[in-house]
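# Examining the three-dimensional arrangement
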Amino acid sequence: PVEFYLAQNFPNPFNPSTKIKFSVPTVIANEVKQSQYVSLKVYDVLGNEVATLVNEEKSAGTYEAIFNSTGLTSGLYLYRLQAGSFVETKKMILLK
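Thresholds applied
Residues numbered from 1 in each chain as written. Predicted model: local features only at pLDDT ≥ 70, side-chain atom pairs only at ≥ 80, totals over all residues. Heavy atoms only, no water. Helix = DSSP H or I, 4+ residues; strand = E, 2+ residues; numbered from the N terminus. Polar contact = N/O pair within 3.5 Å; in protein donor to acceptor, adjacent residues only side chain to side chain. Contact = heavy atoms within 4.5 Å. Phe/Tyr/Trp six-rings, centres within 6.5 Å; stacked < 30°, edge-to-face > 60°. Buried < 20%, exposed > 50% of the residue type's maximum accessible area, 1.4 Å probe, protein only.

## Some remarks on the side chain of S69
- Here S69 is to be found in the loop between β7 (61-68) and β8 (75-83).
- In terms of polar contacts, S69 uses its side chain to reach the backbone carbonyl oxygen of P16, at 2.6 Å.
- Each residue touching S69, except ones within four places of it in the same chain, is listed here: F14, P16, L94 and K96.

## Overview of the packing of aromatic side chains
- By the definition in use, this model includes three aromatic pairs.
- Ring geometry for F4 versus F86: centroids 4.8 Å apart, planes at 15°, classification stacked. Taken as a pair, F4 in the segment before β1 (5-6) and F86 in strand β9 (residues 86-94) lie far apart in primary sequence, 82 residues in all. Here F4 and F86 have matching classes, each one buried.
- Ring centres of F22 and Y63 lie 5.6 Å apart, and the angle between their planes is 25°; on these two criteria the pair is classed as stacked. Of this pair, F22 sits in strand β2 (residues 17-24) while Y63 sits in strand β7, and the two are 41 residues apart along the sequence.

Here you go:
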């Protein structure tokens, strides 16, 4: 990939689990390919963190994370991808 990308979760609305795809581009520093520290977290509408799906260094590539909502109530949730200076947030709906 040549840029960061955060896809809309599928399916949406979902119950009980959904897939979130994201891409991490190649970063070159001092002529050496480097991995990126990536964080993908899920929040409720009040801003409380309800799950951490990814919290590690990732090399360039496309990835998929699965969010299992067992124990959560129906409603709107936000998921946020953060890597370096890149930050993107999207919405998803849990229907039980």
